[in-house]
Amino acid sequence: MGNTVARDDFEWVYTDQPHADRRKEILAKHPEIKALMKPDYNLIWVVVLMVLAQLTAFYLVKDLDWKWVVFWAYVFGSCISHSMTLAIHEISHNSAFGNSKAMWNRWFGIFANLPLGLPYSISFKRYHMDHHRYLGGDGIDVDIPTNFEGWFFCTRFRKFIWIVLQPFFYAIRPLCINPKPISRLEILNLLAQLVFDVVIYYLWGVKSIFYMLAGSLLGLGLHPISGHFIAEHYMFLKGHETYSYYGPLNLLTFNVGYHNEHHDFPNIPGKSLPLVKKIAAEYYDNLPQYNSWIKVLYDFVMDDTISPYSRMKRQLKGEVKQD
C-alpha cells in the first residue's frame, strides 16, 4: 500500500508526435478513408435523447430516499454523464453539424452540457484542440498532469485517491498549466448552465440537483468508464504515447477507445473509427491495445512503476497557436 514508484519525472522526448506522419502514410495508401471525414448527424439525436433521459431521471429521483438518490446517481446518472462528456468531445470536433457550421456545434455543446450541472463544453473545446495540435507539449497540453500530481500521487493509496479526484484535477489543471482569458462563449456557457440548474432546483428540488452533480463527479472519478483517462496516453510500455481500447464500453463512449485512430484522424467521427481500424488494419493491429478499462485502473494503482509522471512530454519549438 505504501510502496513508492521509481519514476520522478516525465518521459521527455525530442521528436514530434507520431500521429501526423502516420495520417499522411495511411491516406496515401488508403485514400478511401477521406470519405469518412463527414459529420455524424445521428449524434444530434443521440444527444437529445440523453438529455431527455436525464431530465426524466431528475424528475424520478426528486421524492426518493437519499440512499436511492445516491444509488441511482452512481449506477445510472454517472454513466449518462460521462457518456455526455464524450458526446461533447465529439461535438468539439464539429462532428454534429460539420466544420462549415462551427457555431452550431458550439451552441449544441452548450445544450449537451446542461444535464452535467457544471459549465464545461466551451472550455473543453479550447483546451482539447491544443491537446491534438501539441500532444504532450510542455505548458500547453493540460491533459498532462502537473509536477505536483506526479510528485505527490506516488503510492498505491495516493494513486487511488488521484483516480477518485480526477474531476477536480481536470478542472483545476488548466488554471495551473495554461490559463486563458475567459471568452464570451464561456460566459454564455456559464449563464446557460446557471439558469438550467436554478430551473431544475425550482421545479424538483435539492435531490434532483444532487443527483445531477453527484452523477457527474462520480462518473468522472472512480468509475469503469474513467479508465479511458489513463488508457489513452499513460505510458505502460516505454516508447508508446497513445493506446487504443477495443472493449465493449466503446458502445457508451462514442468509440473514444479507438484513440490512436482518433488522434490520427480527429476529423472523423467516433462512429466511423472502427472502419478506420478495419481499412488500415496493418497500422493498428500490432500497436499496444487494451480490452478492459477496469484492468487499466487496477494496473495503474498496483504497478509501482506507473504514476501520473508516466507521460511523454515535449518542449515545443517554433510558433504555438492556441484557441
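Keep in mind the model is a prediction, meaning the values are calculated, not measured. (Residues numbered from 1 in each chain as written. Predicted model: local features only at pLDDT ≥ 70, side-chain atom pairs only at ≥ 80, totals over all residues. Heavy atoms only, no water.)

1. Considerations on the overall build of the protein
Right, on to step 1. Across its full length, the protein holds 15 helices and 4 strands.
Right, on to step 2. Taken against the 2.2 N^0.38 rule, which gives 20 Å for 323 residues, the C-alpha radius of gyration of the protein at 20 Å falls within 12% of a compact globule.
Right, on to step 3. With the C-alpha coordinates of the protein rotated into their principal frame, the extents come out at 55 × 50 × 40 Å.
Right, on to step 4. Among the 323 residues that make up the protein, the fraction classed as buried is 54%.
Right, on to step 5. A sequence separation of at least 24 residues applies to 80% of the contacts in the protein between residues at least 6 apart. (Helix = DSSP H or I, 4+ residues; strand = E, 2+ residues; numbered from the N terminus. Rg over C-alpha atoms; globule rule 2.2 N^0.38 Å. Buried < 20%, exposed > 50% of the residue type's maximum accessible area, 1.4 Å probe, protein only. Contact = heavy atoms within 4.5 Å.)

2. Here's the deal with the layout of surface pockets
Right, on to step 1. Within this model, the largest pocket holds a volume of roughly 1,200 Å³.
Right, on to step 2. Considering the residues around the largest pocket, the lining is formed by 40 residues, among which Tyr120, Ser123, Phe124, Tyr170 and Ala171 are closest to the centre.
Right, on to step 3. Taken together, the elements giving at least two residues each to the lining of the largest pocket come down to α3 (66-92), α5 (121-133), α8 (166-177), α9 (184-204), α10 (206-219), α11 (227-231) and α12 (259-264).
Right, on to step 4. Top element by residues in the lining of the largest pocket is α5. It accounts for 7 residues.
Right, on to step 5. Of the residues assigned to the lining of the largest pocket, the class counts are 22 nonpolar, 12 polar and 6 charged.
Right, on to step 6. Put simply, the second largest pocket is a space of about 440 Å³.
Right, on to step 7. Forming the walls of the second largest pocket are 20 residues, and the residues nearest its centre are Asp16, Gln17, Arg133, Tyr134 and Arg314.
Right, on to step 8. Every element with two or more residues in the lining of the second largest pocket is listed here: α1 (19-29) and α5.
Right, on to step 9. Sorting elements by how many residues they give to the lining of the second largest pocket places α1 first, with 4 residues.
Right, on to step 10. When its residues are assigned to classes, the lining of the second largest pocket shows 8 nonpolar, 6 polar and 6 charged. (1 Å grid on protein atoms, 1.4 Å probe; cavity = no way out; pocket = protein on both sides within 12 Å on 5 of 7 lines; lining within 4 Å. Points joined across faces, edges and corners; volume = space filled by probe spheres on them. Nonpolar A, V, L, I, M, F, W, Y, C, P; charged D, E, K, R; others polar.)

3. Description of the pattern of salt bridges
Right, on to step 1. Evaluation of the coordinates by the stated rule reveals 15 salt bridges.
Right, on to step 2. Arg314 is the salt-bridge partner of Glu241, the closest N and O atoms lying 2.8 Å from each other. With a gap of 73 residues between them, Glu241 in the loop between α11 and β2 (244-245) and Arg314 in strand β4 (residues 312-314) connect regions that are remote in the sequence. No difference in accessibility class separates Glu241 from Arg314, as the two residues are buried. (Salt bridge = Lys/Arg side-chain N within 4 Å of Asp/Glu carboxyl O.)

4. Details of the nonpolar core
Right, on to step 1. Val47, Met84, Trp162, Ile230 and Phe300 are the most contacted members of the largest nonpolar core, which has 38 residues in total.
Right, on to step 2. Those elements that provide at least two residues to this core are α2 (42-61), α3, α4 (102-113), α7 (156-164), α11 and α15 (293-302).
Right, on to step 3. Look past the residues within four positions of Ile230 in its chain and what remains in contact with it is Trp162, Ile163, Gln166, Phe236, Val296, Leu297 and Phe300.
Right, on to step 4. Counting 13 residues, the second-largest nonpolar core is a separate cluster that includes Leu27, Ile33, Ile268 and Tyr283. (Core = buried A, V, L, I, M, F, W, Y, C linked by side-chain atoms within 4.5 Å.)

5. Describing the state of the cysteines
Right, on to step 1. Considering all chains together, one arrives at 0 disulfides under this definition.
Right, on to step 2. Cysteine Cys176 shares no disulfide, and the gap to the nearest cysteine sulfur, in Cys154, comes to 19 Å. (Disulfide = S-S within 2.5 Å.)

6. Examining the packing of α7 against α8
Right, on to step 1. The interhelical angle for the contact between α7 and α8, taken along N-to-C directions, is 70°, at an axis separation of 5 Å. It follows from the interaxial angle that α7 and α8 lie roughly perpendicular. The segment α7 lies against α8, with Trp162, Ile163 and Val164 engaging Gln166, Pro167, Phe169 and Arg173.
Right, on to step 2. Residues belonging to the contact of α7 with α8 are distributed by class as follows: 5 nonpolar, 1 polar and 1 charged. (Axes fitted to C-alpha atoms, helices over the stretch in contact; angles between N-to-C directions. Parallel < 35°, antiparallel > 145°, perpendicular 65-115°, else oblique.)

7. Thoughts on the environment of Trp107
Right, on to step 1. You can see Trp107 is positioned in helix α4.
Right, on to step 2. Exposure remark for Trp107: the relative accessible area of 43% places this residue in the partly exposed category.
Right, on to step 3. A C-alpha to C-alpha distance of 19 Å links Trp107 and Leu55, two positions 52 residues apart in sequence.
Right, on to step 4. Not counting residues within four places of it along the chain, the set of residues in contact with Trp107 comprises Leu185 and Leu188.

8. Here we look at the UniProt feature "transmembrane region" (unreviewed entry) in the protein
Right, on to step 1. Following the UniProt record, one finds the feature "transmembrane region" (unreviewed entry) at residues 43-61, 68-87, 107-124, 187-204 and 210-231.
Right, on to step 2. In this annotation, residues 68-87 is assigned 100% helix and 0% strand; the end-to-end C-alpha distance for the span is 27 Å.
Right, on to step 3. Along residues 107-124 the backbone is 61% helical and 0% strand, and the end-to-end C-alpha distance reaches 13 Å. (UniProt positions renumbered as here; feature names shortened; annotations may be inferred.)

9. Remarks on the packing of aromatic side chains
Right, on to step 1. Counting across every chain of the model gives 26 aromatic pairs.
Right, on to step 2. Their ring planes at 75° and their centres at 6.0 Å tell us that Trp162 and Tyr234 sit as a pair that is edge-to-face. Highlighted residues: Trp162 in helix α7 and Tyr234 in the loop between α11 and β2, separated in sequence by 72 residues. You'll find Trp162 and Tyr234 in the same group, each marked buried.
Right, on to step 3. Taken together, Phe148, Trp151, Phe152, Phe153, Phe168 and Phe169 form an aromatic cluster joined through their ring pairs.
Right, on to step 4. The lysine or arginine in question, Lys159, covers the ring of Phe300, its NZ or CZ lying 5.4 Å from the ring centre.
Right, on to step 5. A cation over an aromatic ring shows up here: Lys180 above the ring of Tyr127, its NZ or CZ 4.6 Å from the ring centre. (Phe/Tyr/Trp six-rings, centres within 6.5 Å; stacked < 30°, edge-to-face > 60°. Lys NZ or Arg CZ within 6 Å of the ring centre and 35° of its normal.)

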